[in-house]
Amino acid sequence: MSTSSTPRMIAALAAVSLIAACANDGGGGEDGDAAGYPDQNITFIVPFSAGGPTDTVTRMIAEPMAKALGGKIVVQNVEGAGGTVAAGQVARAKPDGYTVLMHHIGMSTAPALYKDLGFKPLDDFATVGLVTEVPMTVVARKDFPAATFSDLTTYVKANAGKVTLANAGIGAASHLCGLLFQSAAGVKLQEVPYQGTGPALTDLVGGQVDFMCDQTTNTTGQISAGKVKAYAVTTPERVKSLPDVPTTTEAGMPQLQVSVWHGLYVPAGTPPEVVTKLSGALKTALADQAVVDQMAKLGTAPVTAADATPEAHKAHLEEQITTWGKVIADAGVKAS
Ligand code: ASP
């Protein structure tokens, strides 16, 4: 599959697909032998549906990473519980570098949201590197009766009993953004959880749900095509690819600020040499012009080479767990 595929094309693909097939003729090595790594397929686990934003970013970098590693990468979608099912699966996987998790900000919000998470983000994984930080958009079905963000807020407050807010489950970025919106607006809405915002956006376009937050990596195409209404972006600055969409600060809700950072993880205990190889391949992929261009079209950019490292990723994860832990505790939200 080419990195120039659009998210909609990707959505049409099977949940499991072979990303690259550069034969490794390096003589392999024993299972778990870092010198021979990789000598079998590497599986990248995406914790949400195929065709959604996390899936899109994963598939963008999988092919150039596979090339850099001289191996094969298979992308697999393991859905459920706002990304925590996949994270738990990877936490328990063999620490040999052949199971890699792509996750986002949800890795830092889950500990505050779930009483029995079943894994510890800081203890059960080795961080590989940050990938990208993606703005979110607040979008609604195209016939939603609100012209501006302030109209949207007024309307949902007046119609709280009937307005539906889609998300990708408790722990998802869309859930967090919806939580911040409701808290800032002082309203409690009926939430409709999906296995990912790929299918949620499909339902938004179809008019089955009213509004939601989602990454620009998923919404840009539908906004540009006029299939959904965009009210605001959740970043301090406007997004270049969506120049007409105001920021939440411009739109009167500065409290609604969230950028969806993504990172790669392997199970704790993975040989450091393997983590170094994966991190090196990540840096190569993020410097690939096709990846840079594709991300720019979707409102984002790769992180710097310094941030695509295990150390920078770990420091960011620690800081984000503290930050979001406080926000979630103040909001009084729990999944179980
Ligand atoms: N954007 C989703 C979220 O709300 C996840 C996804 O489908 O990628 O976290």
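Residues numbered from 1 in each chain as written. Predicted model: local features only at pLDDT ≥ 70, side-chain atom pairs only at ≥ 80, totals over all residues. Heavy atoms only, no water.

A. Spotlight on the state of the cysteines. Taken as a whole and assessed by the stated rule, the structure comprises 1 disulfide. Here Cys177 pairs with Cys213 through a disulfide, and the sulfurs are 2.3 Å apart. Between Cys177 and Cys213, the S-S dihedral sits near -65 degrees, and the bridge is therefore left-handed. Taken together, the positions of Cys177 in helix α6 (residues 173–185) and Cys213 in strand β8 (residues 211–215) put the pair 36 residues apart, joining distant regions of the chain. Comparing Cys177 with Cys213, the two get one shared label, buried. (Disulfide = S-S within 2.5 Å. Helix = DSSP H or I, 4+ residues; strand = E, 2+ residues; numbered from the N terminus. Buried < 20%, exposed > 50% of the residue type's maximum accessible area, 1.4 Å probe, protein only.)

B. The arrangement of unusual backbone geometry in detail. A cis amide bond links Tyr37 to the next residue, Pro38, at an omega of 0 degrees. Along the polypeptide, Pro38 turns up in the loop between β1 (16–18) and β2 (42–46). Despite not being glycine, Ala81 has its phi angle at roughly 50 degrees, a positive value. Looking at the secondary structure, you find Ala81 in the loop between β3 (73–77) and α3 (84–91). With a relative accessible area of 38%, Ala81 lands in the partly exposed category.

C. Structural context of the site of the ligand. Residues in close proximity to the ligand include Phe48, Pro53, Thr54, His104, Ala168, Ala172, Ala173, Ser174, Gly196, Thr197, Asp214 and Gln215, which together make up its full environment. Between the ligand and Ser174 there is a distance of 2.4 Å, counted from an oxygen atom to a side-chain nitrogen or oxygen. Within the side chain of Gln215, an N or O atom sits 2.6 Å from a nitrogen atom of the ligand. Protein chains bury 100% of the 270 Å² of accessible surface belonging to the ligand in isolation. Using a 2 Å cut-off from the grid points, one finds that the ligand occupies the largest cavity. In terms of residue class, the shell around the ligand is built from 5 nonpolar, 6 polar and 1 charged. (Near = heavy atom within 4 Å. Polar contact = N/O pair within 3.5 Å; in protein donor to acceptor, adjacent residues only side chain to side chain. Areas by Shrake-Rupley, 256 points an atom, 1.4 Å probe, with all protein chains shown as cover. 1 Å grid on protein atoms, 1.4 Å probe; cavity = no way out; pocket = protein on both sides within 12 Å on 5 of 7 lines; lining within 4 Å. Sits in = over half its atoms within 2 Å of the grid points. Nonpolar A, V, L, I, M, F, W, Y, C, P; charged D, E, K, R; others polar.)

D. How the structure looks around the side chain of Thr58. The topology assignment puts Thr58 in helix α2 (residues 53–69). Of the residues examined, Thr58 reaches a relative accessible area of 0% and is grouped as buried. With residues up to four places along the chain from it excluded, the contact list for Thr58 reads Phe44, Val46, Val75 and Met102. (Contact = heavy atoms within 4.5 Å.)

E. View of the nonpolar core. Core analysis: the largest hydrophobic core is formed by 86 residues, its most contacted members being Ile61, Met65, Phe149, Leu152, Phe181, Phe211 and Leu264. Among the nonpolar cores identified, the runner-up in size contains 14 residues, and Tyr194, Val239, Leu242 and Val245 belong to it. (Core = buried A, V, L, I, M, F, W, Y, C linked by side-chain atoms within 4.5 Å.)

F. Structural detail: the pattern of salt bridges. The full count for this structure, using the stated rule, is 6 salt bridges. Glu63 is the salt-bridge partner of Lys67, the closest N and O atoms lying 3.8 Å from each other. Of the two residues, Lys67 and Glu63 both sit in helix α2, 4 residues apart, roughly one turn of that helix. A residue is classified by how much of its surface remains accessible, and Glu63, at 18% relative accessible area, is buried. Where Arg141 meets Asp210, a salt bridge forms, and the shortest distance between an N and an O atom there is 2.7 Å. Pair noted here: Arg141 is in strand β5 (residues 125–141) and Asp210 is in the loop between α7 (197–206) and β8, with a separation of 69 residues, a long-range link. (Salt bridge = Lys/Arg side-chain N within 4 Å of Asp/Glu carboxyl O.)

G. Geometry of the confidence of the model for the protein. On average, residues of the protein score 90 in pLDDT, and 89% of them are at 70 or above. Confidence drops under pLDDT 50 across residues 1–32; counting only partners more than four residues distant or on other chains, this segment forms 72 contacts. (pLDDT = per-residue confidence, 0-100.)

H. Here's a closer look at α3. Counting buried residues along α3, 6 of its 8 residues qualify, which places the element largely inside the surrounding structure. Residues of α3 that are buried: Thr84, Ala86, Ala87, Gly88, Val90 and Ala91. Check the buried side of α3 and you find it contacts β2, β4 (99–104), α4 (106–113), β5 and β10 (259–267).

I. Representation of the layout of surface pockets within the structure. When its volume is computed, the largest pocket comes out at roughly 250 Å³. What lines the largest pocket is a set of 15 residues, and nearest its centre among them are Glu133, Pro135, Val239, Gly299 and Thr300. Sort the elements by how many residues they give to the lining of the largest pocket and β5 lands first, with 3 residues. Looking at side-chain class alone, the lining of the largest pocket contains 6 nonpolar, 5 polar and 4 charged residues. (Points joined across faces, edges and corners; volume = space filled by probe spheres on them.)

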